[in-house]
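Topology and contacts: notes
If you want the building blocks of each chain, they are given just below.
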Amino acid sequence: MSRSVGVVIPAYEPVVDSLVDYLHALHDHLDPATVRVELDAPDAATVAALEDEPCTVHAVDRRRGKGAAITCGFEALDTDVLAFADADGATPAESIVDVVQPVVDGSTKLSVGSRRHPDANVLSHQTVARRYLGDGFAFLARTLLSVPLYDFQCGAKAIDAEAWASVRDHLYEPGFAWDIELVAMAGALGYEPVEVPVTWEDQPESTVSPVGTTLELGVSLLKSRHRVKRLQGSGLHRFVASRRSTRLSLVDRLGAETDE
């Protein structure tokens, strides 16, 4: 029996025409059971433009961050495989299929798209500054997390629903650092990720701030390393955690917001 696939697209100030084209491409190539667009702080025109498109739209009146939006979307899905793709369509639908397939066929629980893999097909590059910052961050992440990936931040990943049920309670980062934490915590729990080279094209409309986001990612990388070490039983990291105030995970925060 074929396993069902659900796709979440986190979106903040998307280019609506491009997003609509991407939605149709995903349905044509992947044939998912559902596509759920998680819209942060949209205007009325954006919501209206998506009303008749092949997706479920969940809009909130604030900017939650990429990680919080994906987590909310994953929690709403009831498919066997959970995937996400960035709304800018930088990773085309054909490559999303490649990323999802190893989880669908059961060869891995977590599949990670990669722009920096030697076999990736990069159609247009980021600016030189963003490329250097990204390469440096990827090297640092490989070193600190001991996860041998070329790319931690590509906006295309898929995870088995059972693995998500194990990982979800260990995720705290609401923004762009969510990707790092997902990979780090999945690895710590024994779900070794498979890296899939993708076709990728830089989108100049991206809302990512190169310097600000890189600093955010650096801080979050250290936090992720700490959580991995604590989960693996490090006495030092458990002691450090015991001296800090308890922070709610993303799923707990989402639950608390729903109850209000």
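Right above here is the structure, for reference.
Not measured: the values here are computed from a predicted model.

Things to note about the overall build of the protein chain
Looking only at helices and strands, the protein chain features ten helices and nine strands. For the protein chain, buried positions account for 48% of its 260 residues. Within the protein chain, contacts between residues separated by at least 24 positions form 75% of all contacts whose residues are at least 6 apart in sequence. When the accessible surface of the protein chain is summed, it comes to about 12,300 Å², and 50% of that surface belongs to carbon and sulfur atoms.

Examining helix α1 (residues 16-30)
Taking 1.5 Å per residue as the helical rise, α1 with its 15 residues ought to reach 21 Å, and the 21 Å between its terminal C-alpha atoms agrees with that figure. Where α1 is concerned, the buried positions are V16, L19, V20, Y22, L23, L26 and L30. Projected down its long axis, α1 carries its buried residues within an arc of 160°, all on one side. Exposed side chains of α1 directed beyond 90 degrees from the buried face belong to D17, D21 and D28. Trailing α1 by a residue or two, D31 shows a phi angle of about 50°, which is positive.

Details of the sheet that holds strand β4 (residues 81-85)
Pairing is mixed across the open sheet formed by seven strands, whose spatial order is β3-β2-β1-β4-β7-β5-β8. Bordering the open sheet on either side are β3 (56-60) and β8 (194-197), each of which pairs with just one other strand. Direction aside, neighbouring strands of the sheet carry axes that sit 20° apart on average. Taken together, the three bridges between strand β5 (residues 110-114) and strand β7 (residues 156-160) define a ladder with antiparallel strand orientation. Residue pairing across strands places V112 opposite K157, the latter belonging to β7. Along the sheet, helix α3 (residues 66-76) contacts β1 (5-12), β2 (34-40), β3, β4 and β7; its crossing angle with β1, the most-contacted strand, is approximately 150°.

Considerations on the pattern of salt bridges
Summed over the entire model, instances satisfying the criterion amount to 14 salt bridges. Of the charged contacts, one joins R3 and D160 as a salt bridge, the two residues approaching to 2.5 Å between their closest N and O atoms. Remark: D160 occurs in strand β7 and R3 occurs in the segment before β1; sequence separation between them is 157 residues. The partly exposed category is assigned to R3, whose relative accessible area is 27%. Measuring nitrogen to oxygen at the nearest pair gives 3.0 Å for the salt bridge that ties E38 to R64.

Side note on the packing of aromatic side chains
Enumeration over the complete set of coordinates arrives at four aromatic pairs. With centroids separated by 5.0 Å and ring planes inclined at 90°, the aromatic side chains of F74 and W164 adopt a geometry described as edge-to-face. With a gap of 90 residues between them, F74 in helix α3 and W164 in helix α6 (residues 161-167) connect regions that are remote in the sequence. On the basis of relative accessibility, which here comes to 3%, the residue F74 falls in the buried class. Their ring planes at 70° and their centres at 6.1 Å tell us that F74 and W178 sit as a pair that is edge-to-face. In this pair, F74 sits in helix α3 while W178 sits in helix α7 (residues 178-188), placing the two residues 104 residues apart along the sequence. Among the aromatic residues, those joined into a ring-pair cluster are F74, F84, W164 and W178. Over the ring of W200 we find R115, and its NZ or CZ is 5.2 Å from the ring centre.

A closer look at the pairing of β5
Burial within β5 is extensive, with five of its five residues counted as buried. Of the two faces of β5, both are covered, the one formed by L110, V112 and S114 as well as the one formed by S111 and G113. Pairing geometry for β5 and β8, over four bridges, is parallel. Bridging from a neighbouring strand, V112 pairs with E195 of β8.

What to know about the environment of P193
Take P193: it is sitting in the loop between α7 and β8. Separated by 81 residues in the primary sequence, P193 and V112 have C-alpha atoms spaced 6.6 Å apart. Leave out the neighbours within four places in its chain, and P193 touches T108, L110, V112, V147, L149 and V183.

A word on the nonpolar core
In this structure, F74, I159, W164, W178 and L182 are the most contacted members of the largest nonpolar core, which totals 34 residues. Contributions of two or more residues to this core are made by α3, β4, β5, α5 (128-145), α6, α7 and α8 (210-231). With seven residues, α7 is the largest single contributor of residues to this core. In this structure, W178 is in contact with G67, I70, T71, F74, F84, W164, L171, E173 and L250, ignoring residues within four places of it in sequence. Membership of the second largest hydrophobic core comes to 33 residues, among which are Y22, L26, V99 and V198.

What counts and what doesn't
- Here the residue numbers are simple positions, counted from 1 along each chain's written sequence.
- A pLDDT threshold of at least 70 governs which residues receive local features in this predicted model, and a stricter bar of 80 or more applies before side-chain atom pairs are shown or counted, although totals over entire chains, interfaces and linings include all residues.
- Water and hydrogen atoms were dropped before computing side-chain values, which therefore reflect all heavy atoms in the structure.
- Secondary structure is summarised from DSSP: a helix means a run of H or I of at least four residues, a strand means a run of E of at least two, and numbering begins at the N terminus for each.
- Three labels apply to residues, based on accessible area from a 1.4 Å probe with only protein chains included: buried if under 20% of the type maximum, exposed if over 50%, partly exposed otherwise in between.
- Here a residue-residue contact requires only that any non-hydrogen atoms of the pair lie within 4.5 Å.
- For the accessible areas, the method is Shrake-Rupley and the probe is 1.4 Å, while residue cover comes only from the protein chains on display.
- Given a helix with a known number of residues, its expected span is that number minus one, times 1.5 Å.
- Directions drawn from the helix axis to the C-beta atoms are what define this arc.
- Should DSSP find at least two bridges between two strands, the strands are taken to pair.
- Lines fitted to the C-alpha atoms define the axes, with helices restricted to the stretch that makes contact. Angles between their N-to-C directions range from 0 to 180 degrees.
- Here a salt bridge means any side-chain nitrogen of Lys or Arg lying within 4 Å of a carboxyl oxygen belonging to Asp or Glu.
- The aromatic pairing rule takes the rings of Phe, Tyr and Trp, using the six-membered ring of Trp, and pairs them if the centres are within 6.5 Å, calling planes under 30 degrees apart stacked, those over 60 edge-to-face and the rest tilted.
- Should the NZ of a Lys or the CZ of an Arg lie within 6 Å of a ring centre and within 35 degrees of the ring normal, that charge is described as sitting over the ring.
- By nonpolar core is meant a set of buried Ala, Val, Leu, Ile, Met, Phe, Trp, Tyr and Cys residues that side-chain atoms within 4.5 Å join together.

Keep in mind these numbers describe shape, not what the thing actually does.
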